[in-house]
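Results of the structural survey
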Amino acid sequence: MRAGNFLFRAFAVRSCLIRLSLIARLQVQHIARNSQLKYHGTLHGLRVIFRQEGLAGLYRGVTPNVIGNAAAWGLYMWCFKWLTGKTNAGSVESLGLAMCAGAVTQLFTNPIWLVKMRLQSQPHDAQHRYSGMLDAFRVIYREEGFRGFWRGMVPALIGTSHGAVQIVTYEKIREVMVNKVEKKYHQKVGPAHYFVLGVASKMAATVMTFPYQLVKARMQVRDTDFERNASFVGT
């Protein structure tokens, strides 16, 4: 696999499609303790957040998101390339190795994703708010200890299939695209084709693994703002 090329393109697409804080709020709004605000859908949520918090409100958690993506993809691809270099792996074996690389990556980056979720999900009217990424790290450690940074680790490990599905889907679609574009139409595969590849593989992985993301999100929220322990009755 062309791991280096995939890393660059996947990170470029991921950076351009940074998740808005609305996604996190839609996932946990039904278990909020005090906030009466309920978003009725994507467009309604966008309008409400923009009206109450401005454009910055839509990009809460962007710093740990960028840092997390850079660290996660770098570590993931290094682990994956190191593992595949130890064996002549086929498609099935590559999928297993990709999940192993994802598990290692998740173990080291879970604190970053937890902080991102806390920043994105905290209600606009919360009494005690994190002022930023570093403040969130300090408060979480003070209130929950070192173990608090690894909340949601179990569904996160289950979700290592996300990266595996994405990279395998990317490679399969790339093979088909190269055969069709270069061999049939005698054209070179360009940036536009790779953009479509990244979007398509990401969409496939997201649809297949979204349920675990919902469970993880509800496990990682702050207890003072959400009924975390009661959230799994209907999950």
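The structure under discussion appears in the preceding block.
The sections below set out a description of the structure shown in this document. What you see is a predicted model; the values in this text were computed from it and never measured.

1. Brief notes about helix α6 (residues 133–144)
For an α-helix the count is 3.6 residues per turn, leaving residues at separations of three or four pointing the same way. The terminal C-alpha atoms of α6, which comprises 12 residues, lie 16 Å apart, in line with the 16 Å expected from a rise of 1.5 Å per residue. When we look at burial in α6, the residues that qualify are M133, D135, A136, V139 and I140. Projected down its long axis, α6 shows its buried positions confined to an angular sector of 150°, all on one face. The exposed set on the far side of α6, more than 90 degrees from its buried face, consists of L134, R138, Y141 and R142. Following α6 by one or two positions, G145 has its phi on the positive side, about 80°.

2. Some thoughts on the nonpolar core
By size, the foremost hydrophobic cluster in this structure holds 11 residues: W73, Y76, M77, C79, F80, L97, A98, A101, A164, I167 and V168. Among the elements of the structure, α4 (62–84), α5 (91–121) and α8 (161–184) are those that each provide at least two residues to this core. When residues of this core are assigned to their parent elements, the largest contribution, five residues, is made by α4. Ranked by size, the runner-up nonpolar core spans nine residues in total, among them L114, Y130, M133 and A136.

3. Focus: the packing of aromatic side chains
Tallying each qualifying case throughout the model produces four aromatic pairs. Between F137 and F149, the aromatic rings sit 5.6 Å apart at their centres with planes inclined by 35°, giving tilted as the arrangement. Residue F137 is located in helix α6, and its partner F149 is located in the loop between α6 and α7 (153–158); the two are separated by 12 residues in the primary sequence. Aromatic side chains F146 and W150 sit 5.1 Å apart centroid to centroid with 50° between the ring planes, which places their arrangement in the tilted category. The exposure class of F146 is exposed, given its relative accessible area of 56%. Look at W150 and you get partly exposed, because its relative accessible area is 26%. Following the ring pairs from residue to residue traces out a cluster consisting of W73, Y76 and F80.

Calculation notes
- Counting restarts for each chain, with residues numbered from 1 along the sequence as it is written.
- This being a predicted model, a pLDDT of at least 70 is required before a residue's local features are given, and a value of 80 or more before pairs of side-chain atoms are given or counted; all residues contribute to the totals for chains, interfaces and linings.
- Hydrogens and waters are ignored; side-chain quantities use all the structure's heavy atoms.
- Strands here mean DSSP runs of E at least two residues long; helices mean DSSP runs of H or I at least four residues long; both are numbered from the N terminus.
- A helix's residues, less one, multiplied by 1.5 Å, set its expected span.
- To sort residues, take the accessible area from a 1.4 Å probe on protein chains only and compare it with the maximum for the residue type: under 20% means buried, over 50% means exposed, and anything in between is partly exposed.
- Summarising the geometry, the arc corresponds to the directions from the helix axis toward the C-beta atoms.
- We call a set of buried Ala, Val, Leu, Ile, Met, Phe, Trp, Tyr and Cys residues a nonpolar core when their side-chain atoms join them within 4.5 Å.
- Working definition: rings of Phe, Tyr and Trp (its six-membered ring) pair if their centres are within 6.5 Å, and the pair is stacked with planes under 30 degrees apart, edge-to-face with planes over 60 apart, and tilted otherwise.

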